[in-house]
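Each chain, letter by letter, is given below.
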Amino acid sequence: MTQDTLLTFALAILLLPLAAFAVMIFVGKRLPRQGDWLSTSAIFAALVLALTVLYAKLTQYHADTLALNFTWIDFHEVPGIGPLRIVLGFAVDNLTAVMLVVVTLISALVHLFSTGYMKGDVRYSRYFAYLGLFSFSMLTIVLANNLFLLYVGWELVGICSYLLIGHWYEKKSASDAAIKAFVVNRVGDLGFFIGIAILYMTFRTFSLSEIFEGIRSGHLPYGSQWWLTAAGVLLFCGAVGKSAQFPLHVWLPDAMEGPTPVSALIHAATMVAAGVYLVARLFPLMTADALLVIAYIGAITAFIGATIAIAQNDIKKVLAYSTISQLGYMIMALGVGAYSAGVFHLVTHAMFKAGLFLGSGSVIHAMHGALHHTHEHDTDPQDIRNMGGLRAKMPVTFWTFVVYTLAISGVPLTSGFLSKDEILAGTLAFGGLTGHVVIPLIGFLVAGLTAFYMFRLVILTFLGEHKASGRIEHVHESPLVMTVPLLVLAGLSLFIFYSVNPFGGGSSWIVRSVERPESTVPAALAAPSAGVFEEVLGNVHGTAMLLSLAVAGLGILAAFATYYWKKISADAFARSLAPLHRFLVNKWYFDELYNAVVVNGVLALAALLRWVDTWIIDGAVNGAGSLTRVTSFVSGKFDTYVVDGFVNSTAYLSGFFGLVLRKFQTGRVQTYVLFAVLGVMVFYFIFRLV
Amino acid sequence: MQLFDIAFYVFALITIISACIVVFSKNIIYAAFSLLFTFFGVAALYVLLHADFLAVTQVLIYVGGILVLLLFGVMLTNNVISVDMKTGTIQTIPALILVAIVAGSLAGLCYSTWKGVAEPAAGGPQTTTATLGQMLMTSYVIPFEIASVVLLVALIGAAMTARRHRNS
Amino acid sequence: MGSLESFWNEFSAWLPHVRLAHFLVVSAVLFALGIYAIASRRNAIMVLMGVELILNAANINFIAFSRYSAGMNFDGQIAAIFVIILAAAEAAIGLAIVLNIYHRFQTVNVDEVSSLKE
């Protein structure tokens, strides 16, 4: 296939979900079955095209990047800035091709699952419309070759996340969670935006390839390496928000208020992976310091997520914190320089985490049905303490769930083992190269914890005895549309699709296709180069594998010992470490901290401004008004008494003189004569004296 | 000139006293007759001033005409029951004050001529009639004619005004 | 008769020699009296008498000045003639009016004829 065809297919993949969204949002309700078949077939068509593109790319254009640029706006010469032209475009390289498949595949399976899970929902067609919009947005991020278009897609997925988390917006907790997700993402996006601005101001272009060229030729932002590091860290802020890294991870657990398929699609497989994808895209311009920051943040996030997950009882919350932890892993991998491992883990995690969420959806769906039958409307269908023994009633769900759990725990023969192994090896190499041994330490610790809490989840949900024997009778397996995606994803969680060698992650086609790009950063600031890294990696690989197998085994053993064989009492353990337990159950009190500092801070500021507005501004306005009223009052009185008084007194005087002078009109001629003679005498005297 | 002075003083006194009676008398008939003596006194003064024609004219017209007319008026406008007809004054005080002022001013004026001309002009015709007649017909002919017209108008006007109006 | 003559001489020496001023004084007095009569007498006929007094006073003035001025000057006398003429005309008219007033108001008291009063 020619390059143009490939690019056309890529554009088609991009626009198919958008078309589905447009149709669904306007006429969806009137279509038969509210149009779910329209959305699902559109995304499946996109999946087929994506597979074709991946195959063609990897076989024919393995080392190339196929790009399609277009000028969006050309302002020509702008006084004071110079020539201003914004060029946008799409590009398909190996990373993009892989991501295309991941996004369309998970989206397609979620569409299919939703036709069963969301059956009878009050806003059925709108849900599918938003799924289509989300797919389009995510594909925009993946296909963009410039920061501008990437940012557009970035914000769009944020909106879709808000809309889908708040799908059942009548529930206050759901609408609150939607707002929280959007606002917390926004905080990260602020840093992202400033980073983009720094890069644009320096290089006058949004195109990534041109920016890399610029840096490679030695042109640093504002001529200083600090600014380059700062730009890198700021751009990473976007990933911190989107991928729920510490400290902006607080929105992800609350996002579980949305429908479970949404959690699967957005909050497990794709949107949260956008952050990882961003870091992978921007890898060439990261300095060693920036990468160090990224690695640490990833490690800390992984640790926090895992520790909280062990103490949670809601099935979706456990998976949410597990997601946070695994995202931390991916970010950490990119930070230490294990680029391909990070991307690999992104792909494998998407598969098994989506599967885990869909599986939990299946469980919740069954629990809902059972509780409805037994008329227990107060029991939480998502609480694992209400479950147990579901294995017999839901075999498909159970076995697929086990496969996912094995994958996430890093048990051999799964895809998860391959990718996690690569990451852990990478951290060891990093620790050895740079001396930051904390990172591999955390990595292995979290691996163990992951195995523990995931198997805890499986045991409590599916194994043992169900708490209420009456209820279990009404639990049954989910319909085909829900179990088929589970099976597909379970299959994709096995090693076969990724590498021929079940123990050799390095020989995976993904790892070989998505190679670590050359850093464009000046050598003095760059992390150890790929070559050096590879060499050290090879040395520590064996050690890493052994260690990872050991910690995974320990974790699984501990889980069974505590929850299945009941040799160790979880409750006694929790009671003995009550403060620590409380700390973990309450999610390290992050929400409370943010509430007190940020939320109350903003509210206090709002109250202060309201005070200013009421007293100072309104006071000024009211004062002006009062002043005007007083002035007009005084003026009125002045008018009444002084002016009118003057006029009235004039009239009064006239009347008075008239009254007086009236006396002269006696009607007697002789009086007139008297006055006439008097007048003559007056004149005489005047002339005499003058 | 002694006789002249004495004559002057006598006739001046007659004139002034008569005039005072005219003005201050309550009885209107007394006032009218005093006016007669005033006119005569003035005529005598005219003679002393060598205005013989005027003296006679004064007597003729003033006494014979105007005084008679005034008497007619008195008789016609009062209920003549007795000779004693009383009449009063109004606004006496203001009039007296004014008159005092007037008199004072005039007296002051007169004083200023005290040192002036003393002797009358010498010469002149014994009688003035011819001279006056000539002057009237030559220098003062227009005023003379107008005076005749005025008399005519007065005649007609008086006749018109005073006639008894018939009720129609 | 010597003492009578000497008394007469002394008396006449005491009286000032008559000059223009004396005539003017007489005239002034007559004038003032005439003004008083006009201004304060109640009867209309008395007012007319006052008017005649004034005119006579003016005549005396004219003739006195005519006599005591330089040269043969008879202009004063001419003026006096005209004054007499006009006095006659005026007296006629005035009395006609008074008769009319008497006919209308049944009185000739000037303060009772006050229709013009405010």
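Quick notes on the rules
- Residues numbered from 1 in each chain as written.
- Chains lettered and ligands numbered in written order.
- Predicted model: local features only at pLDDT ≥ 70, side-chain atom pairs only at ≥ 80, totals over all residues.
- Helix = DSSP H or I, 4+ residues; strand = E, 2+ residues; numbered from the N terminus.
- Buried ≥ 20, exposed ≤ 12 C-beta atoms within 10 Å, placed from the backbone.
- Contact = placed C-beta atoms within 7 Å.
- Expected span 1.5 Å × (residues − 1).
- Core = buried A, V, L, I, M, F, W, Y, C linked by C-beta atoms within 7 Å.
- Pairing = 2+ DSSP bridges.
- Axes fitted to C-alpha atoms, helices over the stretch in contact; angles between N-to-C directions.
- Parallel < 35°, antiparallel > 145°, perpendicular 65-115°, else oblique.
- Left-handed = near helix turned anticlockwise from the far one by under 90°.
- Nonpolar A, V, L, I, M, F, W, Y, C, P; charged D, E, K, R; others polar.
- pLDDT = per-residue confidence, 0-100.

### Side note on the overall build of chain C
Here is step 1: Tallying secondary structure elements over chain C gives 4 helices and 0 strands in all.
Here is step 2: Reading chain C from its N end, one meets helices and strands in the order α-α-α-α.
Here is step 3: Residues counted as buried form 53% of the 118 residues belonging to chain C.
Here is step 4: Across chain C, every contact between residues at least 6 apart in sequence was considered, and the portion connecting residues at least 24 apart equals 47%.

### Notes on the overall build of chain B
Here is step 1: The secondary structure content of chain B amounts to 6 helices and 0 strands.
Here is step 2: The N-to-C order of helical and strand elements in chain B reads α-α-α-α-α-α.
Here is step 3: Expressed as a percentage of the 168 residues in chain B, the buried residues total 27%.
Here is step 4: In chain B, once contacts between residues fewer than 6 apart in sequence are set aside, the share between residues at least 24 apart is 57%.

### Thoughts on helix 6 (residues 141–162) of chain B
Here is step 1: For helix 6 of chain B, with 22 residues, the first-to-last C-alpha span of 31 Å sits near the 32 Å given by 1.5 Å per residue.
Here is step 2: Of all 22 residues in helix 6 of chain B, 2 are buried, a share of ten percent or less.

### A closer look at the nonpolar core
Here is step 1: In this structure, A:Ile13, A:Val53, A:Val276, A:Val279 and A:Ala354 are the most contacted members of the largest nonpolar core, which totals 213 residues.
Here is step 2: Of all the elements, helix 14 (residues 339–373) of chain A adds the most residues to this core, at 18 residues.
Here is step 3: Within the second largest apolar cluster, 80 residues are counted, among which are B:Ala19, B:Leu54, C:Met46 and C:Val110.

### Some remarks on the pairing of strand 2 (residues 82–92) of chain A
Residues and elements named next belong to chain A.
Here is step 1: Pairing between strand 1 (residues 66–78) and strand 2: 11 bridges, direction antiparallel. Across the sheet, Asn69 pairs through a bridge with Gly89, a residue of strand 2.
Here is step 2: Adjacent in sequence and paired antiparallel, strand 1 and strand 2 are bridged by 3 residues, among which Gly80 carries a positive phi angle near 95 degrees.

### Remarks on the packing of helix 12 (residues 288–309) of chain A against helix 17 (residues 438–462) of chain A
Between two packed helices, both the angle of their axes relative to each other and the distance between the axes serve to describe the pair.
Residues and elements named next belong to chain A.
Here is step 1: Where helix 12 contacts helix 17, the two axes come as close as 9 Å, and the packing angle between them is 25 degrees. Classified by the angle their axes make, helix 12 and helix 17 are roughly parallel. For the pair helix 12 and helix 17, the crossing hand works out as left-handed. Facing Ala295, Ala299, Ala302, Phe303, Ala306, Thr307 and Ala309 of helix 12, the residues of helix 17 in contact are Ile439, Ile442, Gly443, Val446, Leu449, Thr450 and Tyr453.
Here is step 2: Taken together, the residues of the contact of helix 12 with helix 17 sort by class into 11 nonpolar, 3 polar and no charged.

### A word on the interface of chain C and chain B
Here is step 1: On the side of chain B, 75 residues touch chain C, which itself brings 65 residues to the contact.
Here is step 2: Among the secondary structure elements, those contributing two or more residues to the side of chain C that touches chain B are helix 2 (20–40), helix 3 (44–68) and helix 4 (75–105) of chain C.
Here is step 3: Here the side of chain C that touches chain B takes 21 residues from helix 4 of chain C, the largest share from any one element.
Here is step 4: The residue inventory of the side of chain C that touches chain B, partitioned by class, reads 49 nonpolar, 10 polar and 6 charged.

### With respect to the environment of A:Glu376
Residue and element names in this part refer to chain A.
Here is step 1: Mapped onto the fold, Glu376 is located in the loop between helix 14 and helix 15 (395–409).
Here is step 2: Look at Glu376 and you get partly exposed, because 14 C-beta atoms sit within 10 Å.
Here is step 3: C-alpha separation for the pair Glu376 and Arg471, spaced 95 residues apart in sequence, amounts to 9.2 Å.

### Comments concerning the environment of A:Val488
Residues and elements named next belong to chain A.
Here is step 1: Structurally, Val488 can be placed in helix 19 (residues 480–492).
Here is step 2: Among the residues examined, Val488 registers 19 C-beta atoms within 10 Å and is labelled partly exposed.
Here is step 3: Considering only alpha carbons, one finds Val488 and Thr400, 88 residues apart in sequence, at a separation of 9.3 Å.

### Here we look at the interface of chain B and chain A
Here is step 1: In this assembly, 8 residues from chain B lie in contact with 7 residues from chain A.
Here is step 2: Here the side of chain B that touches chain A is composed, by residue class, of 6 nonpolar, 2 polar and no charged.

### Here's the deal with unusual backbone geometry
Here is step 1: Cis peptide bonds are those with omega within 30 degrees of zero, and the linkage from A:Phe246 to A:Pro247 qualifies with 0 degrees.
Here is step 2: As for its position among the elements, A:Pro247 is in the loop between helix 8 (225–242) and helix 9 (251–254).
Here is step 3: One non-glycine residue, A:Arg204, adopts positive backbone phi at about 55 degrees.
Here is step 4: Mapped onto the secondary structure, A:Arg204 falls in the loop between helix 6 (172–203) and helix 7 (208–216).
Here is step 5: Notably, B:His50 is not glycine yet its phi reads approximately 60 degrees, a positive angle.

### Points about the confidence of the model for chain C
Low pLDDT marks stretches whose predicted atomic positions should not be read closely.
Residues and elements named next belong to chain C.
Here is step 1: In this model, chain C carries an average pLDDT of 85, and 92% of its residues clear a pLDDT of 70 or more.
Here is step 2: The secondary structure element of chain C with the lowest average pLDDT is helix 1 (residues 2–14), at 72, and the one with the highest is helix 3, at 92.
Here is step 3: Overall fold confidence for the complex sits at a pTM of 0.64, while the interface term, ipTM, reaches 0.86.

### Focus: the confidence of the model for chain B
Here is step 1: The share of residues in chain B with pLDDT of 70 or more is 85%, and the mean pLDDT across the chain is 84.
Here is step 2: No element of chain B has a lower mean pLDDT than helix 4 (residues 92–112) of chain B, at 83, and none a higher one than helix 2 (residues 28–48) of chain B, at 93.

### Description of the packing of helix 15 of chain A against helix 17 of chain A
All names here are of chain A.
Here is step 1: Across the interface, helix 15 lies against helix 17 with an axial gap of 9 Å and an inter-helix angle of 170 degrees. What the angle tells us is that helix 15 and helix 17 run roughly antiparallel. Residues Phe398, Phe401, Val402, Thr405, Ile408 and Ser409 of helix 15 lie in contact with helix 17, whose contacting residues are Thr450, Ala451, Met454, Phe455, Val458 and Phe462.
Here is step 2: The residue inventory of the contact of helix 15 with helix 17, partitioned by class, reads 9 nonpolar, 3 polar and no charged.

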